[in-house]
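# Structural overview
The primary structure of each chain is shown beneath.
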Amino acid sequence: MTTRCIISYPNRFDEATLSSGSWLAALPLTNLQNRVLSKVARSTDDAVASTKFDVALTKDRAVRVVALINHNLSADGLYRIRGSTVSNFASTVYDSGWVSAWPAVYSTLTLEWEEDNWWSGVMLDEDKAGYTWTIVCVLSAPAVGRYWRVEFDDTTNSDTYVQLGRVFISGQWQPVLTMNWGASLSWETDTKIETAIGGTEYFDRRSGYRVARFLLDGMSTDEGIGRAFEIDRRAGIDEEVFYIFDPDDTYNMIRRAFVGRLRELSPLEYPYINITRKAYEIKELI
(Lines give C-alpha, C1' and ligand atoms only; values in the text may rest on other atoms or scores of the structure.)
Protein backbone atom coordinates (compact mmCIF):
# COMPACT_ATOMS: atom_id res chain seq x y z
CA MET A 1 0.00 0.00 0.00
CA THR A 2 1.39 3.40 -1.01
CA THR A 3 -1.03 5.55 1.00
CA ARG A 4 0.36 7.93 3.61
CA CYS A 5 -2.70 8.95 5.57
CA ILE A 6 -3.11 12.15 7.56
CA ILE A 7 -4.31 12.42 11.14
CA SER A 8 -5.00 16.08 11.80
CA TYR A 9 -5.06 17.29 15.41
CA PRO A 10 -5.80 19.49 17.34
CA ASN A 11 -8.60 21.62 15.92
CA ARG A 12 -7.38 25.22 16.28
CA PHE A 13 -10.72 26.67 15.19
CA ASP A 14 -12.24 26.69 18.67
CA GLU A 15 -9.58 29.09 19.96
CA ALA A 16 -10.34 31.62 17.21
CA THR A 17 -12.20 34.91 17.03
CA LEU A 18 -14.70 34.93 14.15
CA SER A 19 -15.89 37.91 12.13
CA SER A 20 -17.05 39.23 8.72
CA GLY A 21 -19.90 38.31 6.43
CA SER A 22 -23.56 38.54 7.39
CA TRP A 23 -24.91 35.74 9.58
CA LEU A 24 -28.25 35.30 11.33
CA ALA A 25 -28.31 36.37 14.97
CA ALA A 26 -30.14 33.15 15.81
CA LEU A 27 -27.59 31.03 13.92
CA PRO A 28 -24.30 32.90 14.39
CA LEU A 29 -20.75 32.04 13.40
CA THR A 30 -19.98 30.97 16.97
CA ASN A 31 -22.21 27.92 16.37
CA LEU A 32 -19.33 26.59 14.28
CA GLN A 33 -17.33 26.29 17.49
CA ASN A 34 -19.83 23.80 18.86
CA ARG A 35 -19.12 20.13 18.07
CA VAL A 36 -22.80 19.34 17.45
CA LEU A 37 -22.85 19.31 13.64
CA SER A 38 -26.56 20.09 13.47
CA LYS A 39 -26.02 23.38 15.33
CA VAL A 40 -25.32 25.38 12.18
CA ALA A 41 -24.30 28.91 11.29
CA ARG A 42 -26.45 30.39 8.51
CA SER A 43 -25.87 33.47 6.35
CA THR A 44 -28.61 36.08 6.02
CA ASP A 45 -28.67 35.62 2.23
CA ASP A 46 -26.57 34.06 -0.52
CA ALA A 47 -24.67 37.18 -1.61
CA VAL A 48 -20.92 36.69 -1.83
CA ALA A 49 -20.37 39.54 0.63
CA SER A 50 -22.59 37.76 3.16
CA THR A 51 -21.30 34.22 2.84
CA LYS A 52 -17.78 34.64 4.15
CA PHE A 53 -16.00 34.73 7.49
CA ASP A 54 -12.58 35.52 8.93
CA VAL A 55 -10.80 33.38 11.48
CA ALA A 56 -8.24 34.95 13.82
CA LEU A 57 -6.27 32.29 15.70
CA THR A 58 -4.48 33.16 18.93
CA LYS A 59 -1.13 33.21 17.11
CA ASP A 60 0.54 32.03 13.92
CA ARG A 61 -0.14 28.32 13.47
CA ALA A 62 1.09 25.76 10.96
CA VAL A 63 -2.02 24.68 9.04
CA ARG A 64 -2.24 21.76 6.62
CA VAL A 65 -5.95 20.86 6.73
CA VAL A 66 -9.06 23.06 6.52
CA ALA A 67 -12.39 21.20 6.54
CA LEU A 68 -15.84 22.77 6.17
CA ILE A 69 -18.25 20.24 7.59
CA ASN A 70 -22.00 19.73 7.09
CA HIS A 71 -22.45 22.42 4.44
CA ASN A 72 -25.39 23.02 2.10
CA LEU A 73 -23.53 24.32 -0.97
CA SER A 74 -25.19 23.58 -4.27
CA ALA A 75 -23.69 21.81 -7.28
CA ASP A 76 -22.57 25.19 -8.66
CA GLY A 77 -21.14 26.43 -5.35
CA LEU A 78 -17.54 27.64 -5.10
CA TYR A 79 -15.28 28.26 -2.13
CA ARG A 80 -11.98 30.03 -1.51
CA ILE A 81 -9.64 29.73 1.48
CA ARG A 82 -6.80 32.12 2.24
CA GLY A 83 -4.26 32.28 5.03
CA SER A 84 -2.18 35.27 6.12
CA THR A 85 0.05 36.66 8.84
CA VAL A 86 -1.79 40.00 8.64
CA SER A 87 -5.44 40.61 9.38
CA ASN A 88 -6.16 42.57 6.17
CA PHE A 89 -4.82 39.76 3.95
CA ALA A 90 -2.59 42.22 2.09
CA SER A 91 -0.23 39.28 1.71
CA THR A 92 -1.02 35.60 1.93
CA VAL A 93 0.75 32.41 2.94
CA TYR A 94 -1.92 30.36 1.18
CA ASP A 95 -4.62 30.97 -1.43
CA SER A 96 -6.71 28.10 -2.78
CA GLY A 97 -8.28 30.26 -5.49
CA TRP A 98 -11.94 29.64 -6.31
CA VAL A 99 -12.62 25.89 -6.19
CA SER A 100 -15.77 23.86 -6.85
CA ALA A 101 -17.45 22.65 -3.67
CA TRP A 102 -18.42 19.47 -5.54
CA PRO A 103 -15.46 18.26 -7.62
CA ALA A 104 -15.58 15.13 -9.76
CA VAL A 105 -15.84 11.97 -7.66
CA TYR A 106 -16.34 9.44 -10.45
CA SER A 107 -14.18 8.48 -13.39
CA THR A 108 -16.17 8.28 -16.63
CA LEU A 109 -14.93 4.68 -16.87
CA THR A 110 -17.09 3.77 -13.87
CA LEU A 111 -20.30 5.39 -15.20
CA GLU A 112 -22.78 4.41 -17.86
CA TRP A 113 -23.03 6.68 -20.91
CA GLU A 114 -26.67 7.50 -20.19
CA GLU A 115 -26.09 8.66 -16.61
CA ASP A 116 -26.66 12.35 -15.86
CA ASN A 117 -23.17 12.87 -14.45
CA TRP A 118 -21.21 11.00 -17.16
CA TRP A 119 -19.54 14.19 -18.41
CA SER A 120 -18.93 15.88 -15.09
CA GLY A 121 -18.25 12.95 -12.77
CA VAL A 122 -19.82 14.90 -9.89
CA MET A 123 -21.99 13.31 -7.23
CA LEU A 124 -25.72 13.38 -7.94
CA ASP A 125 -28.07 14.69 -5.25
CA GLU A 126 -29.50 11.20 -4.71
CA ASP A 127 -25.98 9.87 -4.07
CA LYS A 128 -25.21 12.46 -1.40
CA ALA A 129 -27.61 10.97 1.14
CA GLY A 130 -25.82 9.41 4.08
CA TYR A 131 -22.72 11.59 3.88
CA THR A 132 -21.94 14.59 6.05
CA TRP A 133 -21.22 16.99 3.21
CA THR A 134 -17.67 18.15 3.79
CA ILE A 135 -15.20 20.29 1.88
CA VAL A 136 -11.67 19.07 2.58
CA CYS A 137 -8.83 21.43 1.67
CA VAL A 138 -5.42 19.79 2.05
CA LEU A 139 -2.53 22.19 1.55
CA SER A 140 0.46 20.84 -0.36
CA ALA A 141 2.62 21.80 2.63
CA PRO A 142 1.83 23.39 6.00
CA ALA A 143 1.32 27.17 5.80
CA VAL A 144 2.03 29.28 8.88
CA GLY A 145 -0.49 32.03 9.51
CA ARG A 146 -2.73 33.45 12.21
CA TYR A 147 -5.52 34.75 9.96
CA TRP A 148 -7.70 32.63 7.69
CA ARG A 149 -10.53 33.72 5.41
CA VAL A 150 -13.25 31.44 4.03
CA GLU A 151 -15.44 32.71 1.18
CA PHE A 152 -18.32 31.19 -0.76
CA ASP A 153 -19.87 31.99 -4.13
CA ASP A 154 -23.19 30.18 -4.31
CA THR A 155 -25.69 32.79 -5.46
CA THR A 156 -27.89 30.21 -7.23
CA ASN A 157 -28.38 28.07 -4.13
CA SER A 158 -32.07 27.16 -3.91
CA ASP A 159 -31.91 27.60 -0.12
CA THR A 160 -30.97 31.28 -0.69
CA TYR A 161 -28.34 31.04 2.05
CA VAL A 162 -25.16 29.18 2.98
CA GLN A 163 -24.88 27.21 6.18
CA LEU A 164 -22.21 25.11 7.92
CA GLY A 165 -22.12 22.89 10.97
CA ARG A 166 -18.44 22.82 11.89
CA VAL A 167 -14.99 23.98 10.79
CA PHE A 168 -11.72 22.14 11.37
CA ILE A 169 -8.40 24.01 11.02
CA SER A 170 -5.28 22.17 12.03
CA GLY A 171 -1.78 21.03 11.37
CA GLN A 172 -1.21 17.38 10.64
CA TRP A 173 0.70 14.22 11.28
CA GLN A 174 1.45 12.39 8.07
CA PRO A 175 3.42 9.27 9.00
CA VAL A 176 6.77 8.79 7.31
CA LEU A 177 5.76 5.32 6.09
CA THR A 178 2.51 4.07 4.61
CA MET A 179 -0.25 2.15 6.33
CA ASN A 180 0.13 -1.62 6.34
CA TRP A 181 -1.85 -3.73 3.91
CA GLY A 182 -5.15 -4.74 5.44
CA ALA A 183 -6.33 -1.22 6.31
CA SER A 184 -10.11 -0.95 6.15
CA LEU A 185 -12.93 1.55 5.91
CA SER A 186 -16.42 0.43 6.83
CA TRP A 187 -19.93 1.70 7.44
CA GLU A 188 -21.47 0.90 10.82
CA THR A 189 -24.89 1.70 12.21
CA ASP A 190 -26.75 1.66 15.50
CA THR A 191 -30.03 0.82 13.78
CA LYS A 192 -32.24 -1.12 16.21
CA ILE A 193 -34.01 -4.29 15.11
CA GLU A 194 -36.95 -5.93 16.85
CA THR A 195 -38.34 -9.25 15.72
CA ALA A 196 -42.01 -10.09 16.17
CA ILE A 197 -43.13 -13.54 17.31
CA GLY A 198 -44.05 -14.35 13.72
CA GLY A 199 -40.56 -13.45 12.49
CA THR A 200 -41.34 -10.05 10.97
CA GLU A 201 -38.53 -7.58 11.60
CA TYR A 202 -39.08 -3.93 12.53
CA PHE A 203 -36.36 -1.34 12.23
CA ASP A 204 -35.56 1.91 14.03
CA ARG A 205 -33.18 3.28 11.43
CA ARG A 206 -30.19 5.33 12.62
CA SER A 207 -27.69 7.22 10.52
CA GLY A 208 -24.63 5.25 9.52
CA TYR A 209 -21.08 6.33 10.34
CA ARG A 210 -17.68 5.41 8.97
CA VAL A 211 -14.94 3.60 10.86
CA ALA A 212 -11.31 3.45 9.69
CA ARG A 213 -8.97 0.74 10.95
CA PHE A 214 -5.29 0.56 10.08
CA LEU A 215 -1.83 -0.31 11.37
CA LEU A 216 1.19 1.96 11.24
CA ASP A 217 4.31 -0.18 11.34
CA GLY A 218 7.99 0.59 10.96
CA MET A 219 7.86 3.92 12.78
CA SER A 220 11.05 5.13 14.39
CA THR A 221 11.05 5.42 18.16
CA ASP A 222 11.00 9.21 17.85
CA GLU A 223 7.96 9.19 15.56
CA GLY A 224 6.13 6.59 17.62
CA ILE A 225 6.67 8.38 20.92
CA GLY A 226 6.68 11.96 19.63
CA ARG A 227 3.62 11.72 17.39
CA ALA A 228 1.51 8.55 17.74
CA PHE A 229 1.84 8.28 21.52
CA GLU A 230 1.33 12.02 22.01
CA ILE A 231 -1.86 12.15 19.94
CA ASP A 232 -3.34 9.46 22.18
CA ARG A 233 -2.45 11.46 25.27
CA ARG A 234 -3.88 14.73 23.99
CA ALA A 235 -6.90 13.55 21.98
CA GLY A 236 -7.99 10.65 24.17
CA ILE A 237 -11.19 9.00 22.97
CA ASP A 238 -13.26 12.18 23.16
CA GLU A 239 -11.42 14.90 21.22
CA GLU A 240 -11.89 15.45 17.48
CA VAL A 241 -9.35 14.38 14.91
CA PHE A 242 -9.66 14.71 11.15
CA TYR A 243 -8.74 11.57 9.23
CA ILE A 244 -7.74 11.54 5.56
CA PHE A 245 -7.07 8.15 4.00
CA ASP A 246 -5.18 9.52 1.01
CA PRO A 247 -4.65 13.29 0.54
CA ASP A 248 -3.77 12.77 -3.14
CA ASP A 249 -6.98 10.93 -4.05
CA THR A 250 -9.40 13.76 -4.85
CA TYR A 251 -11.94 11.41 -6.47
CA ASN A 252 -12.60 9.63 -3.18
CA MET A 253 -11.87 12.43 -0.72
CA ILE A 254 -15.51 12.87 0.31
CA ARG A 255 -15.78 9.12 0.93
CA ARG A 256 -12.51 8.57 2.78
CA ALA A 257 -12.01 11.74 4.84
CA PHE A 258 -14.03 12.66 7.92
CA VAL A 259 -14.01 14.23 11.35
CA GLY A 260 -13.92 11.57 14.01
CA ARG A 261 -12.43 10.42 17.29
CA LEU A 262 -10.07 7.67 18.36
CA ARG A 263 -12.45 4.89 19.31
CA GLU A 264 -9.86 3.16 21.45
CA LEU A 265 -6.28 3.84 22.55
CA SER A 266 -4.17 0.91 21.44
CA PRO A 267 -0.68 0.33 22.86
CA LEU A 268 2.46 1.56 21.17
CA GLU A 269 4.39 -1.63 20.45
CA TYR A 270 8.13 -2.25 20.09
CA PRO A 271 8.36 -5.26 17.77
CA TYR A 272 12.02 -4.73 16.83
CA ILE A 273 14.94 -2.67 18.01
CA ASN A 274 14.36 1.08 17.40
CA ILE A 275 11.04 0.31 15.64
CA THR A 276 7.51 1.02 16.87
CA ARG A 277 4.04 0.23 15.57
CA LYS A 278 0.51 1.17 16.50
CA ALA A 279 -3.02 0.21 15.47
CA TYR A 280 -5.75 2.79 14.96
CA GLU A 281 -9.53 2.75 14.95
CA ILE A 282 -11.17 6.09 14.12
CA LYS A 283 -14.96 6.50 14.35
CA GLU A 284 -16.75 9.24 12.42
CA LEU A 285 -18.59 11.91 14.42
CA ILE A 286 -22.03 12.68 13.01
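Residues numbered from 1 in each chain as written. Predicted model: local features only at pLDDT ≥ 70, side-chain atom pairs only at ≥ 80, totals over all residues. Heavy atoms only, no water.

### Regarding the overall build of the chain
Threshold: In DSSP terms, a helix is any run of H or I states spanning at least four residues, a strand is any run of E spanning at least two, and both are numbered starting from the N terminus. The buried label applies to any residue whose accessible area, calculated with a 1.4 Å probe on protein chains only, is under 20% of its type's maximum; exposed applies above 50%, and partly exposed to all values in between. Should any heavy atoms of two residues lie within 4.5 Å, those residues are considered in contact. Per-residue and other accessible areas were derived by the Shrake-Rupley procedure at a 1.4 Å probe size, with only the shown protein chains allowed to occlude residues.
A count of helical and extended segments in the chain gives 2 helices and 18 strands. In the chain, buried positions account for 47% of the 286 residues. For the chain, long-range pairs separated by at least 24 residues make up 74% of all intrachain contacts whose partners lie at least 6 apart in sequence. Just so you have it, the chain exposes about 14,100 Å², and 50% of that area is on carbon and sulfur atoms.

### Some thoughts on the pattern of salt bridges
How we decide: Salt bridges are defined by distance alone: a side-chain nitrogen of Lys or Arg within 4 Å of a carboxyl oxygen of Asp or Glu.
Applying the stated criterion across every chain, the model contains 17 salt bridges. We note a salt bridge from R166 to D14, for which the minimum N-O separation is 2.7 Å. Separated by 152 residues along the polypeptide, R166 in strand 10 (residues 166-170) and D14 in the loop between strand 1 (6-8) and strand 2 (17-19) bring together distant segments of the chain. Residue R166 is classed as buried on the basis of its relative accessible area of 0%. For E284, the salt bridge is made with R210, and the minimal N-O distance between the two is 2.8 Å. Placement of the pair is E284 in strand 18 (residues 275-284) and R210 in strand 14 (residues 209-220), with a sequence separation of 74 residues. With a relative accessible area of 4%, E284 lands in the buried category.

### Digging into the pairing of strand 10
Quick reminder of the rule: Should DSSP find at least two bridges between two strands, the strands are regarded as paired.
Strand 10 sits mainly inside the fold: 5 of its 5 residues count as buried. The sheet contact formed by strand 4 (residues 52-69) and strand 10 spans 5 bridges and is antiparallel. Bridging from a neighbouring strand, V66 pairs with I169 of strand 10.

### What about the environment of V63?
Relative to the helices and strands, V63 is located in strand 4. As a C-alpha pair, V63 and G171 span 108 residues in sequence and 4.3 Å in three-dimensional space. Beyond its immediate chain neighbours, meaning those up to four positions away, V63 contacts L139, A141, P142, A143, W148, I169, S170 and G171.

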